[in-house]
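# Structural overview
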Amino acid sequence: MAVFRLFWAEEGGLPADDRGLAYGDGLFETIRMVGHKGVLLSRHLERMVRDARRLGINVSRGELASVCTQAGQRFSERFTDDGWILKLTLTRGGGGRGYRPEPGMVPNLLVSASPRPPAPDASGVVVDFSRVPVTVNPLLAGIKSLNRLEQVMAAAELGQSLFEVIMSDSDGNLVEGTRTNLLLRKKNVWVTPPAASLAVAGVLRQWLLERLRQRGEAVAEKPITVEDVLGPECQGLFLLNSVLGIVPVRTIAGHDLPVDSGLATIFNPLETLE
């Protein structure tokens with residue numbers, strides 16, 4: 001018996017009784033692909049399996065990997081050499097009118113492909129602080145779940161001049177962007193908010209922290225304040241996203257920040273293709 005029911009987006013959407021549509025009962029991965037291979041692919045699949053298990057959804061990593069292979073064969077020739085984006089949306093399945101899941105449900109997996117978005121400006125991007133706070137339930141911290149209404153509301157603040165908006169928690173600490181994790185360079189130490197405080201713990205974030213520590217760099221996982229970013233000790237602020245890469249911030253809320261492109265050279269997407 002299949003571990004999940006497979007749906008290709010181009011052949012139709014999920015069934016009307018899908019719990020992902022009704023309740024956001026599921027999670028997703030967005031993977032940058034080049035031909036048949038994916039950037040940090042194993043980490044994406046490991047996160048989906050791990051976080052699905054946290055939600056009580058059992059899925060096989062081997063089956064997910066097989067679907068990625070099928071997707072590469074199906075979509076890779078439709079896009080340019082610059083790559084494409086593979087999205088895997090996993091839900092608990094269909095059935096049941098109420099919140100309580102029925103026993104023995106078979107998950108649904110929706111697979112879609114889209115062109116790769118334009119690369120961010122290598123000289124740095126313009127961002128602002130969001131008016132929409134982010135609330136992280138400890139039971140769901142870090143999971144890339146289908147519950148993203150806060151990010152939707154914050155992303156509505158984006159205009160043509162803004163690349164991203166940075167969301168804060170109830171204490172005013174900067175947590176993450178609508179689609180990015182944060183990494184601050186301050187007094188010769190790299191600072192990033194703790195994973196337990198994040199709505200989404202990105203695979204690039206974790207990979208980069210490991211790489212920095214391997215290089216002997218000092219890394220601290222602790223809250224980041226507005227004063228940390230706007231103060232004189234800030235040596236650079238970076239946005240992390242496995243599709244977009246490592247993006248330096250040039251201006252935040254009208255304040256110019258120092259820009260150092262050296263960090264971007266650590267992450268070469270072509271070296272992480274799997």
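A few points on the structure. Throughout this document, residue positions are counted from 1 along each chain, in the order its sequence is written. Only residues with pLDDT of 70 or above have their local features reported here, since the model is predicted, and side-chain atom pairs are shown and tallied only from 80 upward, although totals for entire chains, interfaces and linings are computed over all residues. As a rule here, side-chain values come from all non-hydrogen atoms in the structure, and water together with hydrogens is ignored.

### Section: the overall build of the protein chain
Helix and strand assignments follow DSSP, with helices taken as H or I runs no shorter than four residues and strands as E runs no shorter than two, numbered in order from the N terminus. A tally of regular secondary structure across the protein chain gives 6 helices and 14 strands. Here the accessible surface of atoms and residues is derived via Shrake-Rupley with a 1.4 Å probe, and residues count as covered only by protein chains that are part of the display. Counting only carbon and sulfur atoms, one obtains 51% of the accessible surface of the protein chain, whose full area is about 13200 Å². By the counting rule applied here, Lys and Arg register as positive and Asp and Glu as negative, while His and the ends of each chain are not counted. Just so you know, the charge point we use is NZ for Lys, CZ for Arg, CG for Asp and CD for Glu. Across the protein chain, the mean location of the 30 positive side-chain charges is 4 Å away from that of the 31 negative side-chain charges.

### Structural notes on the pairing of strand E7 (residues 164-168)
Look at any regular strand and the pattern is simple: side chains alternate between the two faces of the sheet. The buried fraction of E7 is high, at 5 of 5 residues. Exposure classes here rest on a 1.4 Å probe applied to the protein chains alone. A residue is buried below 20% of its type maximum, exposed above 50%, and partly exposed in between. Taking every second residue as pointing to the same face, both faces of E7 are buried, with Glu-164, Ile-166 and Ser-168 on one and Val-165 and Met-167 on the other. In this description, strands pair whenever DSSP reports at least two bridges between them. The sheet contact formed by strand E6 (residues 125-129) and E7 spans 3 bridges and is parallel. If you follow Phe-129 over to E7, its bridge partner there is Ile-166. Strand direction decides the pairing type here: E7 and strand E8 (residues 174-177), joined by 3 bridges, are antiparallel. Looking at the pairing, Ile-166 lines up with Gly-177 of E8.

### Focus: the packing of helix H2 (residues 41-54) against helix H3 (residues 61-75)
The axes used here are C-alpha line fits, helices contributing only the stretch in contact, and every angle between their N-to-C directions lies in the interval 0 to 180 degrees. It is at 10 Å that the axes of H2 and H3 come closest, and there the two elements cross at 135°. Between H2 and H3, the angle is such that the two are oblique. Here H2 runs over H3; the crossing is right-handed. Contacts between H2 and H3 pair Leu-41, Ser-42, Leu-45, Glu-46, Met-48 and Val-49 from the former with Arg-61, Leu-64, Ala-65 and Cys-68 from the latter. Relative orientations are named as follows: roughly parallel for angles under 35 degrees, roughly antiparallel for angles over 145 degrees, roughly perpendicular for angles from 65 to 115 degrees, and oblique for any other angle. Less than a right angle of anticlockwise turn of the near helix away from the far helix marks a crossing as left-handed, whereas a clockwise turn marks it as right-handed. Contacts are assigned to residue pairs with any non-hydrogen atoms lying within 4.5 Å of each other.

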